[in-house]
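# Structural features, examined
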Amino acid sequence: RKEVEQDPGPFNVPEGATVAFNCTYSNSASQSFFWYRQDCRKEPKLLMSVYSSGNEDGRFTAQLNRASQYISLLIRDSKLSDSATYLCVVGGTTDSWGKLQFGAGTQVVVTP
Amino acid sequence: NAGVTQTPKFQVLKTGQSMTLQCAQDMNHNSMYWYRQDPGMGLRLIYYSASEGTTDKGEVPNGYNVSRLNKREFSLRLESAAPSQTSVYFCASSETAGGSKNIQYFGAGTRLSVL
């Protein structure tokens, strides 16, 4: 079983709509959670960290559910520029401090 | 404003050839990482260096070696390239190897093909 699992998509979203997707992780001792964004053939870039209480950054909202071991990302008022692959990243257990586990990504395609 | 710089950007090798991928960061980060990314798979950690002078194996270290040359530079060497090493390689760095300061910043990647 993969340590971090994501629905690969693609999620086809009309411009202006809301899209949400989850990621599940297997190690209950994980301490740090992130969403990264990766454009085609480019490097991953940090979108946002995910905090226990949930957090928002503009049109993006991230939630963490430790009991069910998943994190979610919601994008409101989708823009064409939001088209990308979103990587779920989990890490920071005491026996693998510093090592991050990356999901394979969820592809989002925003259409006009 | 360079961040993490990787060279080369593209490389084609024949089976059995060797090469070194270079990585340098100018953010004064302590920790550096090498990953590979293959289609349909998440980034997989090859080697990492939590601090200058230390290196450790990641998930997929076989066929690779690394050198943390100084605080800025972390190189990845393929001694005898194999077709299975065709991939996109990313170098990353973070302020520290743990906690909230483990946000990793990535270089633009090296696209390697082994024929």
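Quick notes on the rules
Residues numbered from 1 in each chain as written. Chains lettered and ligands numbered in written order. Predicted model: local features only at pLDDT ≥ 70, side-chain atom pairs only at ≥ 80, totals over all residues. Heavy atoms only, no water. pLDDT = per-residue confidence, 0-100. Helix = DSSP H or I, 4+ residues; strand = E, 2+ residues; numbered from the N terminus. Pairing = 2+ DSSP bridges. Axes fitted to C-alpha atoms, helices over the stretch in contact; angles between N-to-C directions. Contact = heavy atoms within 4.5 Å. Buried area = accessible area lost by both parts, 1.4 Å probe. Salt bridge = Lys/Arg side-chain N within 4 Å of Asp/Glu carboxyl O. Polar contact = N/O pair within 3.5 Å; in protein donor to acceptor, adjacent residues only side chain to side chain. Nonpolar A, V, L, I, M, F, W, Y, C, P; charged D, E, K, R; others polar.

In this section: the confidence of the model for chain B. Residues with a pLDDT of 70 or more make up 96% of chain B, whose mean pLDDT is 93. No element of chain B has a lower mean pLDDT than strand E6 (residues 56-57) of chain B, at 92, and none a higher one than strand E8 (residues 74-78) of chain B, at 98.

Turning to the sheet that holds E8(B), a few remarks are in order. Residues and elements named next belong to chain B. Taken together, four strands build an open sheet; the order of strands is E1-E3-E8-E7 and the sheet is antiparallel. Here the strands that pair on one side only, and so sit at the sheet edges, are strand E1 (4-7) and strand E7 (64-68). Between one strand axis and the next, the sheet turns through 15° on average, direction left out of account. Where E7 lies against E8, five bridges are found, and the strand directions are antiparallel. Each residue of the ladder has a partner; that of Val 66, found in E8, is Leu 76.

For the rest of this paragraph, the subject is the interface of chain B and chain A. Tallying the contact residues gives 22 residues for chain B and 19 residues for chain A. Summed over both sides, the interface of chain B with chain A buries roughly 1600 Å², with 56% coming from carbon and sulfur. Seen at the junction of chain B and chain A, the total is zero salt bridges. In this assembly, chain B and chain A are joined by three residue pairs in polar contact (both at pLDDT 80 or more). Only strand E4 (31-37) and strand E5 (44-49) of chain B provide two or more residues apiece to the side of chain B that touches chain A. The element that contributes the greatest number of residues to the side of chain B that touches chain A is E4(B), accounting for three residues. Residues that form the side of chain B that touches chain A fall into these classes: 11 nonpolar, eight polar and three charged.

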